[in-house]
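The chain contents come next:
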Protein chains: 2
Amino acid sequence: MPASDLSDTSRLAIHTQTNKPWTLEECLAGYSAAGVRGISVWRHVLEPMGAEKGGGMIRAAGLESVALVRGGFFPAFGESDRQKALDLNRECLDEAAAIGAPMVVLVCGAVPGMPLAEARKQIAGGIEAVLPHAEKNDVVLAIEPLHPMYAGDKSAINRMAEAREICEKLGSQHVGIAVDVYHVWWDPDLEEEIELAGQGGFISAFHICDWRNPTRDLLTDRGLMGEGCINVKRIRGWVEDAGFTGWNEVEVFSEEHWAEDQNDYVERIKKAYLEHG
Amino acid sequence: MPASDLSDTSRLAIHTQTNKPWTLEECLAGYSAAGVRGISVWRHVLEPMGAEKGGGMIRAAGLESVALVRGGFFPAFGESDRQKALDLNRECLDEAAAIGAPMVVLVCGAVPGMPLAEARKQIAGGIEAVLPHAEKNDVVLAIEPLHPMYAGDKSAINRMAEAREICEKLGSQHVGIAVDVYHVWWDPDLEEEIELAGQGGFISAFHICDWRNPTRDLLTDRGLMGEGCINVKRIRGWVEDAGFTGWNEVEVFSEEHWAEDQNDYVERIKKAYLEHG
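Residues numbered from 1 in each chain as written. Chains lettered and ligands numbered in written order. Predicted model: local features only at pLDDT ≥ 70, side-chain atom pairs only at ≥ 80, totals over all residues. Heavy atoms only, no water.

Enquirer: Hey, could you go over the sheet that holds strand β2 (residues 38-42) of chain B for me, with residue numbers and the actual values?
Expert: All names here are of chain B. Taken in spatial order, the 8 strands line up as β1-β2-β3-β4-β5-β6-β7-β8 and close into a barrel, and their pairing is parallel. The sheet shows a mean angle of 30° between the axes of neighbouring strands, direction not considered. Here helix α10 (residues 262-276) sits on the sheet in contact with β1 (12-15), β7 (203-208) and β8 (248-250), set at roughly 135° to β1. (Pairing = 2+ DSSP bridges. Helix = DSSP H or I, 4+ residues; strand = E, 2+ residues; numbered from the N terminus. Axes fitted to C-alpha atoms, helices over the stretch in contact; angles between N-to-C directions. Contact = heavy atoms within 4.5 Å.)

If you want it as structure tokens, here you go:
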């Protein structure tokens, strides 16, 4: 793990989805050229070559796999769909191990029409069910609380508090929390919850981007740090005060930025990271 | 106040903004024709004739003014802008009194770049500052917790808990909470918070609509009850168990529904209310 230094990019990682137009190969070339050392790998970029070969490419490029993104989606109305979700998460854990990533990020899931309390129960149950496989692979299941605007169909875990409760219940070093500023910045309990998560040893990941005003789309209008209203530096301070020494992962879904030259964009990501991250 | 009866529309009110294409006159004609007895009045529909005359039109049509919508927007970077906000809220209170509405709904405000904790402080201070004017007019300031996706620029009060804390702090019968299912349905603490709000006597209003999956726009893609994933009936049950006996106000912002014939739409609102509200 690189040492903490606020004036360099040694702890900067980028999610491949941030550069959605790029293949894994292009991400590796682009990040390497820019001196970015960490890569969080979205599953679909591994599809063309598979996780084994993809992992070899990442290592050969001198980059470090920060996370496999993403597992989860546990709740379902039928038992067979719930079993499929468990199998999928076990696959994710195998893929993470294959690329040398220490965690799988979990978008926990939600099903329109299913009471959120039931979805939360199925999520905790699903994580518990795949936990032995996570332990076997020595890969952490990192619960990412998602913004409440995704409670309808993407995740019934929408605050740090609910993620922490699952971590406390399962009490395993292989279950943690991925703190993404986009999802949790508005939470009045954020500082306290980060402190509690730190005390429990639950903070597995820190994702950064910004919240635009106005936000023009629920999914693909995130901003680069400095383009919105989130005080990323302050939240990063809380996370580091809570003992987190890992990567700062830039995860930006943005039609606007995806339309730009991706090499130029990576340079702007670095600049934004140094100024506002 | 009409008696509670789940099989009729005696407690159904509609926000004029639900029928955005309509003037106040058209709303009054449309609601009357449909047997809808309550109207929540957005300020701009009063502009052409003023609140005094508008209030007379509402009474003449045999409808009841449920709320004036909306005041708030307290936080600002400069003192003079904060004073302007207070003046605006006093105007709202006067208008509410003029149309016979027992409350002003507050969208409390947020300013991009202002820390949310500071915005929350200014909101509590702003409500306290206009409270004497509310008491003089015998009009309630109804704090509406807004969905966290509006924390950047519309309201720094995003959960029932923060609204309740302001109510508890100010301890006045003229400060309450407008519970809108669209904003709070996702909150894991919702049932408990509704109970607490009921115990404090804070529930001033109940707004209903639905959350669509997917939601295509952050502002204008609300659904009619039954078009989304919110269990409105269950939340209404909690609110009534907490002692609320007021109106069920349909507040739907929807480009889709605004494009329809508004008389037909009011009939569908009634149907949706009886089936899913």
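Enquirer: Can you tell me about the relation of the copies chain B and chain A, naming the residues and giving the values?
Expert: Placing chain B over chain A gives an RMSD of 0.0 Å and needs a rotation angle of 180°, together with 0.0 Å of translation along the axis. What we have between these two chains is a two-fold relation. (Least-squares fit on C-alpha atoms with pLDDT ≥ 70 in both.)

Enquirer: Explain the pattern of salt bridges to me, and be specific about the residues and the numbers.
Expert: Close approach of charged atoms allows side chains with opposite charge to pair. Tallying each qualifying case throughout the model produces 48 salt bridges over all chains. With a shortest N-O distance of 2.2 Å, Glu260(A) and Arg268(A) are connected by a salt bridge. Between Arg82(B) and Glu79(B) there is a salt bridge, and its shortest N-O distance comes to 3.1 Å. You can see Arg82(B) and its partner Glu79(B) sitting in helix α3 (residues 79-99), 3 residues apart, about one turn around the helix. Through salt bridges with shared partners, a single network forms among Arg212(A), Arg216(A), Asp221(A), Glu227(A) and Glu256(A). (Salt bridge = Lys/Arg side-chain N within 4 Å of Asp/Glu carboxyl O.)

Enquirer: Would you mind going over helix α5 (residues 160-170) of chain B in detail, with residue names and values included?
Expert: All names here are of chain B. Within α5, 8 of the 11 residues are buried, which leaves the element mostly enclosed by the surrounding structure. When α5 is considered as a whole, its buried residues turn out to be Met160, Ala161, Glu162, Ala163, Arg164, Ile166, Cys167 and Leu170. Lining the buried residues of α5 we find α4 (116-137), β5 (140-143), β6 (175-180), α6 (181-184) and α7 (190-200). Downstream of α5 by one or two residues, Gly171 has phi in the positive range, about 50°. (Buried < 20%, exposed > 50% of the residue type's maximum accessible area, 1.4 Å probe, protein only.)

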